[in-house]
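# Reading the structure
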Amino acid sequence: WQIHTISGGGLPTPRYYLIDLVQKNVAWSNLFYATSTSNDFNASVTVTPGGAGLVTWSSTDTNTMPQVRFAAQDVFGPFITVFHGSPAYTSPTFYAPTGAVVARWGDYSAITIDPSDTSKAWGTNQTVNSQTVWGSRIFKIGIP
């Protein structure tokens, strides 16, 4: 598995890849984003023992408070070209630096299968606590 952010129509858009080590090629690749106008970045990916791919990322949009989002896709099921995920957390305020960078946001994220219950995963990502302060958010999700 590999994940990175590309420019999708001028907006940051995460793309993940399933790499086939036997064939030595990309088996498939998917984009994901909250909306067609959102900035989506700071993504992480993992996979369950059963084959569900899980991602978490940060998302900002002019019409929505900043969010930590997550999504799951069964890699052995139907191919989905784009998925939008669900919010794990919506920040209470917009991030609005004026001029200089007041506070960093988007430096880390992770998603990890719970070793004691592989039907659950733990995610973490940065969030906006106020217009000048970021924070951390840890969340637990059930895997479909």
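Below: a short report on this structure. Predicted model, so just to flag it, every value in this text is computed and none were measured.

## Describing unusual backbone geometry
Phi is mostly negative for residues that are not glycine, and the peptide bonds are mostly trans. With phi around 60°, lysine 24 is a residue other than glycine that occupies positive phi space. With respect to the helices, strands and loops of the structure, lysine 24 is situated in the loop between strand E2 (11-20) and strand E3 (25-32). Since its relative accessible area comes to 72%, lysine 24 is described here as exposed. Positive phi, close to 60°, is recorded for asparagine 42, a residue that is not glycine. Relative to the elements of secondary structure, asparagine 42 occurs in strand E4 (residues 39-47).

## Re the environment of aspartate 61
Position of aspartate 61 relative to the elements: it lies in strand E5 (residues 52-61). With 27 residues separating them along the chain, aspartate 61 and alanine 34 place their C-alpha atoms 8.7 Å apart. In terms of polar contacts, aspartate 61 uses its side chain to reach the side chain of threonine 35, at 2.6 Å. Separated by 2.9 Å, the side chains of aspartate 61 and threonine 37 make a polar contact.

## A few points about a nonpolar patch on the surface
A contiguous nonpolar patch, built from Ile19, Leu21 and Val26 and spanning about 300 Å² of accessible area, is present on the exposed surface. Mapped onto the fold, valine 26 is located in strand E3.

Scoring rules and cut-offs
- Residues numbered from 1 in each chain as written.
- Predicted model: local features only at pLDDT ≥ 70, side-chain atom pairs only at ≥ 80, totals over all residues.
- Heavy atoms only, no water.
- Helix = DSSP H or I, 4+ residues; strand = E, 2+ residues; numbered from the N terminus.
- Buried < 20%, exposed > 50% of the residue type's maximum accessible area, 1.4 Å probe, protein only.
- Polar contact = N/O pair within 3.5 Å; in protein donor to acceptor, adjacent residues only side chain to side chain.
- Patch = residues over 30% accessible without salt bridge, like charges linked within 9 Å, V, L, I, M, F, W, Y side chains within 5 Å.
- Areas by Shrake-Rupley, 256 points an atom, 1.4 Å probe, with all protein chains shown as cover.
- Salt bridge = Lys/Arg side-chain N within 4 Å of Asp/Glu carboxyl O.

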